[in-house]
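# Remarks on the overall topology
Below, each chain spelled out in residue letters.
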Amino acid sequence: MSEMKKIKNLKEFSTSADRFEGANLLCPGCAHSIIVREILNATNDDLVLSASTGCLEVCTAVYPYTSWDASWIHIGFENSSTAVAGAEAMYNALKTKGRLKQPDRNPKFVAFGGDGASYDIGFQWISGCMERNHNMMYVVLDNEVYANTGGQRSSSTPIGSSATTSPAGSISYGEKMNKKDMMGIMAAHHIPYAAQVAPNKWKDMVKKIQKGFATEGAVFINAVSPCTTEWKFDPKDTMMLTDLATDSLVFPLYEVIDGKEFNITYRPKNVVPVEEYLAAQGRFKHLFKDEYKYLIKEWQERVDANWAYLQRREEAKV
Amino acid sequence: MAKKGWDEFEIGAMLRTFDGSIDDIAGTRQEDRSYSENSSYMASVADWRLIKPVFNKDYCIDCQFCWIYCPDVSIISRDKKLIGVDMDHCKGCGICVEVCPTNPKSLLMFPEQADEETEIAQWPKKDEEEA
């Protein structure tokens, strides 16, 4: 059971039996469940899962229903990471004592959290788990806003985005702070593996997830998850939005091994201007007014600078 | 399932997805699993839907893009072939239609009340401009 699941192409992948069920209460077109399905289907091993409070948790476990076909726990907003780390520590203790009922099984430990639970509220807990190097994976479903509670800004919300606590109007262009570089922070823990993924590049994603499962030690995954409700676009355009995010390099896909070996895993053939990514979303609508147009130029410069920085790091291997 | 009052909930409630024991979940297809009444698989969100996808197997090339990108596990694929849409769990978001690469598309959205067979009989022809 412990060997890696073979996934050569999408047809082969489609023979997986899903362990996440429909009739959850996520919005139509929500990318959360696409990401969760891609992660759960990447392995045949048993799973020990947890989810922080957030859209994923409240929508998949509405009493008396659960959408999970694996051991899954919801505890607090901040401690999904430590819950799974505790389960992993217990598993290791029982393994050492030889008291496991099925010692040949090789369970995988995965914690899910939204960007609010990871970038803000659960930050020190995640940092602790990464520092102690538990054999677990932490997945951020990054929709850049507290979508579950009505769209308040989180520290993942990018500049210019209109959120309910940083609304755009006659005197403000919305969110003023730049997005926190969570990948950089987590890689600086020198954990064995950290990666940024997007659901539209399923092959890249499955490869990284399998690499993460094969890694001994803490793994951090940051997944972009377009939110149809708070980013304000039509539910059918979720994958189009994700394509724009990766192709405009707003969400570059890369991995960091041991905090120093740096690989860019996806280089778009045709780089899309950031303006197209912004124009597709209602939360950036006000940036196209004359007085705020300079912000679009700043966006492009920031994304270009970040891409240049990533390429320099890849080249220098630091 | 009968609805419980606020003071009848168990503290620290645990829900079991399956009736009885199941050994290899990842190797068991959904139709072979014995779901308990607590699994959302037994629930339905069909009433969320205003438009529904209709699948025309004549044009399908089994690329499985709709399977991987379906957020609601509603595209049913067996033995690498797409065999239909799970209408109990589909919320009608339309992602499957957007990602379908065939020309004409093998999945299209129609109003909920549309008749499937009539729509398949009048399926749009190949769109030359887009080709």
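Residues numbered from 1 in each chain as written. Chains lettered and ligands numbered in written order. Predicted model: local features only at pLDDT ≥ 70, side-chain atom pairs only at ≥ 80, totals over all residues. Heavy atoms only, no water.

## Side note on the interface of chain B and chain A
The extent of an interface is frequently quoted as the accessible surface area lost upon association of the parts. At the junction of the two partners, chain B supplies 45 residues and chain A supplies 43 residues. Summed over both partners, the interface of chain B with chain A buries about 3,900 Å², with 59% contributed by carbon and sulfur atoms. For the chain B face of the interface with chain A, the top three residues by lost area are Trp67, Ile68 and Tyr69 of chain B, together amounting to 16%. Applying the counting rule to chain B against chain A returns three salt bridges. Taking the shortest distance from any N to any O, the salt bridge between Arg105 of chain A and Asp23 of chain B comes out at 2.8 Å. Here chain B and chain A share 21 residue pairs in polar contact (both at pLDDT 80 or more) between them. Of all the secondary structure elements, the ones that give two or more residues to the side of chain B that touches chain A are α1 (65-69) and α2 (95-99) of chain B. Looking at the side of chain B that touches chain A element by element, the count peaks at four residues for α1 of chain B. (Contact = heavy atoms within 4.5 Å. Buried area = accessible area lost by both parts, 1.4 Å probe. Salt bridge = Lys/Arg side-chain N within 4 Å of Asp/Glu carboxyl O. Polar contact = N/O pair within 3.5 Å; in protein donor to acceptor, adjacent residues only side chain to side chain. Helix = DSSP H or I, 4+ residues; strand = E, 2+ residues; numbered from the N terminus.)

## Comments concerning the domain arrangement of chain B
Residues and elements named next belong to chain B. The domain boundaries assigned to chain B delineate domain 1 (11-43) and domain 2 (44-112). In this structure, domain 1 and domain 2 have C-alpha centres spaced 24 Å apart. Taken residue by residue, the interface counts seven residues in domain 1 and seven residues in domain 2. Linking domain 1 with domain 2 are one salt bridge, by the criterion used here. A salt bridge links Glu31 to Arg78; the shortest N-O distance between them is 2.7 Å. Applying the counting rule to domain 1 against domain 2 returns three residue pairs in polar contact (both at pLDDT 80 or more). A class-by-class count of the residues in the side of domain 1 that touches domain 2 yields three nonpolar, two polar and two charged. (Domains from an automatic or database assignment. Nonpolar A, V, L, I, M, F, W, Y, C, P; charged D, E, K, R; others polar.)

## Looking at empty space enclosed by the protein
One pass over the full model with this rule turns up five cavities of 30 Å³ or more. Here the largest cavity defines a volume of roughly 130 Å³. Residue lining of the largest cavity: 15 residues in total, with Gly54, Cys55, Val145, Tyr146 and Ala147 of chain A positioned closest to the centre. Residue contributions to the lining of the largest cavity peak at three residues, all from helix α5 (residues 115-121) of chain A. Its residues assigned to classes, the lining of the largest cavity shows six nonpolar, eight polar and one charged. With four residues, strand β2 (residues 75-78) of chain B is the single largest residue contributor to the lining of the second largest cavity. Considering only residue class, the lining of the second largest cavity consists of five nonpolar, four polar and three charged. (1 Å grid on protein atoms, 1.4 Å probe; cavity = no way out; pocket = protein on both sides within 12 Å on 5 of 7 lines; lining within 4 Å. Points joined across faces, edges and corners; volume = space filled by probe spheres on them.)

## Description of the pattern of salt bridges
Residue and element names in this part refer to chain A. Enumeration over the complete set of coordinates arrives at 20 salt bridges over all chains. Of the charged contacts in the structure, one is a salt bridge between Arg105 and Asp46, with a shortest N-O distance of 2.8 Å. Of the two residues, Arg105 sits in the loop between α4 (80-97) and β3 (108-114) while Asp46 sits in the loop between α2 (31-40) and β1 (47-51), which places them 59 residues apart along the sequence. By relative accessible area, Arg105 is classed as buried at 12%. (Buried < 20%, exposed > 50% of the residue type's maximum accessible area, 1.4 Å probe, protein only.)

## Details of the packing of α4 of chain A against helix α6 (residues 123-132) of chain A
All names here are of chain A. Running from amino to carboxyl end, α4 crosses α6 at an angle of 30°, the nearest separation of the two axes being 8 Å. For the pair α4 and α6, the sense of crossing is left-handed. Here α4 contributes Ser81, Thr82 and Ala85 to the contact with α6, which in turn contributes Trp125, Ile126, Cys129 and Arg132. The class makeup of the residues in the contact of α4 with α6 is four nonpolar, two polar and one charged. (Axes fitted to C-alpha atoms, helices over the stretch in contact; angles between N-to-C directions. Left-handed = near helix turned anticlockwise from the far one by under 90°.)

## Here's the deal with the pairing of strand β2 (residues 71-74) of chain A
Residues and elements named next belong to chain A. Pairing of β1 with β2, which is carried by four bridges, proceeds in the parallel orientation. Following the sheet pairing, Ser50 is matched in β2 by Ile73. A crossover connection joins β1 to the parallel β2 through helix α3 (residues 55-60); in handedness this β-α-β unit is right-handed. (Pairing = 2+ DSSP bridges. Right-handed = clockwise from strand over helix to strand, strands pointing away.)

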